[in-house]
Each structure stands twice: as structure tokens, then as C-alpha cells.
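Coordinate inspection notes
If you want the building blocks of each chain, they are given just below.
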Amino acid sequence: MSNYLHPYLTPTLLKSIVDHGLRKVTNPKKVIVVGAGMSGLVSASLLKQAGHNVTVIESRERVGGRVYTMRHPFMNGQYVEAGAMRIPNTHYLTLSYIKKFGLKVNPFVNATPNDLIFVNDRKARFHQYNQNPDFLGYPVLAHEKGKTAATLIQVAIQPIVDFVNKNPLRNWPIVIREFEKYSLSTFLRHNPLGHSLSPGAIEKVYVFSGVEGLPELSLLEIIREFIILLNNNIKFYEIIGGNDQLPQAFVPDLKQNLRFSQKMTKIRQNDSSVTIQTVHTKTLEHHSYQADVTIVTLPLGLMQFIEVEPRNSLSHYKWRAIRELHSVPSTKIGLQFKHRFWEKHGHFGGQMVTDLPIRNAYFPSHDFGSETGVLLGSYTWEDDAMVWVSMSKERRLQYALKNLAKIYGEEILHEYVAGAVHSWGADPYAAGAYTMFKPNQESELFPHLATPEGRLHFAGEHTSVPHGWIQGAIESGIRAAIEVNERK
């Protein structure tokens, strides 16, 4: 994790806090935590254990935020992850909490040589494609022929990755200064470090990397994702029985502190206290909570709809970040079938890459050999996700099934049992799946995302990098808890 803004948060310190907690206090504070996602749960748990009086306000009727396991309407205990679905073995904070709560993990099979490709109306296995990358018919230049998408992208970005890996704490700021002006598209077309890619090669990279919908976003954000997802040395895990068991594990300790269905509408702070006003999402009753300090963990863009009094109690730069910070929409479609037809095709975990509207699909990494199963039939980001938002749930399920039938044959339609859809861009309590900077936002916005404003502290995956992982949310929750615990 490139913690260049908070170098004091060393892995040793963070791990110690997960294992042993914060310093106990003799003068406890009254603390409100807004949001019961992973960052809010971590902050609340640590502060309560340190002796503070904590109240957690949550708009939903569940904990977890964007760690969300969809179990309905699936049968026989089956489920699909609508949010965070894989945990890299390098994410030591997430794994430390999993161990602390006694949860069991299973390997998440992210990719295999037997994974399926269906692009340009041609079908192949990954091992076949690796032997003949030109089979799929992309219009690449002569010197790009015979190269896979992974090779093309690695050649382009590897010099930056190698430089970062030499000393992340020292070198990330240098890379940010030199390269944050580039979007992924601009860098690949006008590579200042070497050969640029042709439009055909760029298209190939986009499709195989799942980023065709977001080429205008920051190059640095894509590199952070590739460092994890394209690293053959990284292994992935999932929690057996569903990743929502991690946030659920915080509930027994925080049960008396949680207030569900409370949507924040107003923040009022002065020199001595902060007041949070809420409305109950079901009864529409209004409530008011007063505290010494508040930790706000909701996605930053939603703060545009919160009345802040006085308005200038938030800095100009915080308001700018609230307006401009980019949140990536994402849509996931889970489909249950009577029989796990994909296993007959040799898919035991792994993924499918297509240029159909479903884009990417993932085969379950658990319950191999069972009769029924749930396929993550579509996982899309940014523009690729938005085409699904305008449809009804029924139409989304129909089109996802139609895409799969084009690949596997129409007999699978008779195997269909039930489906579920979640579009994070249409989620009123998320307004997106995770943060991704646009060019130049890293230096202009990021330094202000986590900065306390009066009696308000801020946490959430958007305040850590890389974005979009449970690890970043946990790290931010620890940081905010340290700030509050050490506050005079």
C-alpha cells in the first residue's frame, strides 16, 4: 500500500492495532461514526475498546456497506458477491481481521489457463490464445503481432512498476508527479517511456483487462489495479460462506451501538460539539445525535446532499473534493442454474472475457461438484456498467442469459433458476462502487480527502490507495480511530 501521505502508519503499527487495539483512554469522548461499512466498523470497534462512548449511524438495515453478499433469491445456500469478492494475500490487514474473528478462507481462483475468451465472435481458451494471440483477429501492427494483451500492457507500464517496487514510499510521489497527467488512453497512445500502442492493440488491452469502459481515468489508478490483478505471484482468497461474514463479525461487540435506517441529513458543528441530524428511512422520524467528534465514512459524493452548518466549517478544498471526486459505477449480475454446466466445460473458478455487454464473468471458486451453483454472469465497470442501469432487473437478467447462451448454447436457458442484480451506481447509499481518480486529481484532491475538518474526521476506501479494496477501508478506519483517540 502506498501510504505516502501517512508514512507513520507502518505495516507493523497497523497490524499491532488490529491485534491489540488502541491505547486505553482515561478521558473518553462521545463519538458518532457515520456509516457501518468496513471503515466505520473498524473505527467504532477500536474506539469502543479504547473506552470511548460510540454510536454508529447507518442508512441501510445491514452492516458491510460495499461488502455485500447477495443471498436472495438464490436457493440451497447459494450466493454471489455483489461487492468485494476477492482478498489478495498481500492485504495483511484484511487477513488479520479474518484471523482475529476465526473466519475460514478458501482460494479464490482469479484466472486459469482454461478460462474462456469470446471476442470478435471467436471463442478460445486462454492457453490456446497464449499460443496464438493473433487468432482473435485484432487489427494490430506488425510488431505487435504474436503478443498477448498482458504482454502489450506489461511492456508499456513495466518500467513504472519496477521503479515503484524498488522503494514504494519514496518513488510513488515521483511517479505521481511525472505521470498523473496521463489517462490510461493518453499514455498508451503517447507513451513517453517507449513504444506507443496502435488503436487495435489498445482495444485488445482494454477488452482483456476489463477497462474498456474507463480509459479516460488516471493511468496511476489502473497501474495500481494491474500491480495486484496481473501479478502471478499474488494469490486470492474468499471467506467460506460469503465475504459479508467479515463485517457481520463486528456486530456482537457493537450491537448496542448500532442505529440502523438512520440517514444523515445535516451536520452542525461548533467549537465544543458536533450534532448529526438524521431521518429514519422507514418511519421518516427525525433524530438528533450530539457528540464531541464524528467520523464520516460515507462515499464522499453523497456529502453534496448533506446540509453542513456552518458551511465554511469544511474547507474550500474539501468541498471541491466532495464535488469532483470520481466514483466508478459497477454492475454485477448473479445467475443460479440447476446444474453447474460450466464445470462440464472445465471451469472450476476462473473467469470469462468477452466483448459482449456482460463483458466479464466469474465462475464460483467454491462448492465444486455440487448440483446447483451461482455464476457471476456479468461484472462491468464505468461506461460498461452504465448501459445496464437503464434497464429493469428483468431485462438485465434476460440479456445476461442471452449473452451466455450465445457462448454455451441455448440449452442453458432451461437450466436457469433465479437471478439477482446490483448496480452500485444506482445504489442511493453508495452512488458508485469505488473511487478512481481522473488525471491530476491525485495531487489536487487526495491530500484533502482524509484531512479532519473541525470536529469531523473522514474515513473510507476513497481516503486510502489503492482504492476499491477492503484493505484500504480498514486502513482508513484505523487511521481515523488513531486521530480521534489522540485528539486533545
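Residues numbered from 1 in each chain as written. Predicted model: local features only at pLDDT ≥ 70, side-chain atom pairs only at ≥ 80, totals over all residues. Heavy atoms only, no water.

1. Some details on the overall build of the protein chain
Regarding its fold elements, the protein chain presents 18 helices and 23 strands. The C-alpha radius of gyration of the protein chain comes to 23 Å, within 12% of the 23 Å expected for a compact globule of 488 residues. Over its C-alpha atoms, taken along the principal directions, the protein chain stretches across nearly 70 × 55 × 40 Å. For the protein chain, with 488 residues in total, the buried portion stands at 59%. Long-range contacts, defined as pairs at least 24 residues apart, comprise 72% of the intrachain contacts of the protein chain with a sequence gap of at least 6. When the accessible area of the protein chain is evaluated, it comes to approximately 20,200 Å², of which 52% is carbon and sulfur surface. For the protein chain, the separation between the mean place of its 52 positive charges and that of its 44 negative charges on side chains is 4 Å. (Helix = DSSP H or I, 4+ residues; strand = E, 2+ residues; numbered from the N terminus. Rg over C-alpha atoms; globule rule 2.2 N^0.38 Å. Buried < 20%, exposed > 50% of the residue type's maximum accessible area, 1.4 Å probe, protein only. Contact = heavy atoms within 4.5 Å. Areas by Shrake-Rupley, 256 points an atom, 1.4 Å probe, with all protein chains shown as cover. Lys, Arg positive; Asp, Glu negative; His and termini not counted. Charge placed at Lys NZ, Arg CZ, Asp CG, Glu CD.)

2. Considerations on the sheet that holds strand S19 (residues 360–362)
Across the sheet, 7 strands lie side by side as S8-S7-S18-S19-S20-S17-S21; this open sheet has mixed pairing. With partners counted over all chains shown, the strands left at the sheet margins are strand S8 (122–125) and strand S21 (416–423), one partner each. On average, adjacent strands in this sheet sit at an angle of 15° to one another, irrespective of strand direction. When strand S17 (residues 330–337) meets strand S20 (residues 373–381), the two strands line up antiparallel, connected through 8 bridges. Across the sheet, Ser 330 pairs through a bridge with Trp 381, a residue of S20. The sheet contacts of helix H14 (residues 382–389) involve S17, S20 and S21, and relative to S20 the element is tilted by about 115°. (Pairing = 2+ DSSP bridges. Axes fitted to C-alpha atoms, helices over the stretch in contact; angles between N-to-C directions.)

3. A word on helix H18 (residues 470–486)
Over its 17 residues, H18 runs 25 Å from end to end, which matches the ideal 24 Å to within 8%, given 1.5 Å per residue. Here H18 lies mainly inside the structure; 16 of its 17 residues are buried. (Expected span 1.5 Å × (residues − 1).)

4. Focus on the pattern of salt bridges
This model, assessed by the stated rule, comprises 17 salt bridges. We note a salt bridge from Glu 178 to Arg 177, for which the minimum N-O separation is 3.7 Å. Among the residues examined, Arg 177 registers a relative accessible area of 57% and is labelled exposed. (Salt bridge = Lys/Arg side-chain N within 4 Å of Asp/Glu carboxyl O.)

5. Looking at the UniProt feature "domain: Amine oxidase" (unreviewed entry) in the protein chain
Following the UniProt record, the feature "domain: Amine oxidase" (unreviewed entry) maps to residues 38–484 here. The straight-line gap between the two end C-alpha atoms of residues 38–484 is 17 Å; of that span, 34% is helix and 21% is strand. (UniProt positions renumbered as here; feature names shortened; annotations may be inferred.)

6. Focus on helix H8 (residues 199–209)
Of all 11 residues in H8, 8 are buried, a share of seventy percent or more. Among the residues of H8, Gly 200, Ala 201, Ile 202, Lys 204, Val 205, Tyr 206, Val 207 and Phe 208 are the ones counted as buried. Packed against the buried residues of H8 are strand S7 (116–119), helix H4 (126–131), helix H5 (149–166), helix H7 (184–189) and strand S18 (351–354). One or two steps after H8, the chain reaches Gly 210, where phi turns positive at roughly 75°.

7. Examining the packing of aromatic side chains
Applying the stated criterion to the full structure yields 22 aromatic pairs. Ring centres of Tyr 182 and Phe 187 lie 5.8 Å apart, and the angle between their planes is 85°; on these two criteria the pair is classed as edge-to-face. A relative accessible area of 0% places Phe 187 in the buried class. Three or more aromatic residues link up through ring pairs in this structure, and these residues are Phe 108, Tyr 362, Tyr 379, Trp 381 and Tyr 434. Positioned over the ring face of Tyr 379 is Lys 332, at 4.5 Å from the centre of the ring. (Phe/Tyr/Trp six-rings, centres within 6.5 Å; stacked < 30°, edge-to-face > 60°. Lys NZ or Arg CZ within 6 Å of the ring centre and 35° of its normal.)

8. Regarding the side chain of Thr 294
With respect to the helices and strands, Thr 294 occurs in strand S14 (residues 293–296). Overall, Thr 294 belongs to the buried group, its relative accessible area being 0%. Apart from residues lying up to four places away in sequence, Thr 294 is in contact with Ile 32, Val 34, Val 274, Ile 276, Arg 455, Leu 456 and His 457.

9. Here we look at the sheet that holds strand S6 (residues 105–108)
Pairing is antiparallel in the open sheet, where 3 strands are placed in the order S5-S9-S6. Two strands bound the open sheet, and with one partner strand each, they are strand S5 (87–88) and S6. Here S5 pairs with strand S9 (residues 236–239) via 2 bridges, running antiparallel. Residue Pro 88 lies in a different strand from S9, and its bridge partner there is Phe 236.

10. Some thoughts on the nonpolar core
Ranked by size, the top nonpolar core spans 61 residues in total, and within it Ile 157, Ile 160, Phe 179, Phe 187, Leu 188, Phe 208 and Leu 219 carry the most contacts. Those elements that place two or more of their residues in this core are S7, H4, H5, helix H6 (168–179), H7, H8, helix H9 (219–229) and S20. Ranked by residue count, the leading element in this core is H5, at 8 residues. Other than its neighbours up to four places away in sequence, Phe 208 contacts Ile 117, Phe 126, Tyr 129, Leu 136, Tyr 138, Ala 149 and Val 353. Of all hydrophobic cores here, the second largest spans 42 residues; its members include Leu 14, Val 31, Ile 98 and Ile 478. (Core = buried A, V, L, I, M, F, W, Y, C linked by side-chain atoms within 4.5 Å.)

11. A word on the environment of Pro 439
Residue position: Pro 439 is located in the loop between strand S22 (434–435) and helix H16 (441–444). A sequence separation of 14 residues divides Pro 439 from Glu 453, and the C-alpha atoms of the two residues are 26 Å apart. Dropping the residues within four chain positions of it, Pro 439 is found in contact with Glu 180, Lys 181, Tyr 182, Ser 183, Glu 216, Leu 217 and Ser 218.

12. Some details on the packing of helix H1 (residues 11–20) against helix H3 (residues 92–100)
In contact at an axis separation of 10 Å, H1 and H3 are set at 20° when each is read in the N-to-C sense. Here H3 runs roughly parallel to H1, going by the angle between their axes. For the crossing formed where H1 meets H3, the hand is right-handed. Residues Pro 11, Leu 14, Lys 15, Val 18 and Asp 19 of H1 form the contact with H3, whose own contacting residues are Tyr 92, Leu 93, Ser 96, Tyr 97 and Lys 100. Its residues placed into classes, the contact of H1 with H3 shows 6 nonpolar, 1 polar and 3 charged. (Parallel < 35°, antiparallel > 145°, perpendicular 65-115°, else oblique. Left-handed = near helix turned anticlockwise from the far one by under 90°. Nonpolar A, V, L, I, M, F, W, Y, C, P; charged D, E, K, R; others polar.)

13. Description of the pairing of S17
Counting buried positions along S17 yields 8 of 8 residues, so the element is predominantly enclosed. Covered by surrounding structure in S17 are Ser 330, Lys 332, Gly 334 and Gln 336 together with Thr 331, Ile 333, Leu 335 and Phe 337, the residues of both alternating faces. As paired elements, S17 and S21 share 7 bridges and run antiparallel to each other. Looking at S21, one finds that Lys 332 is bridged to His 422.

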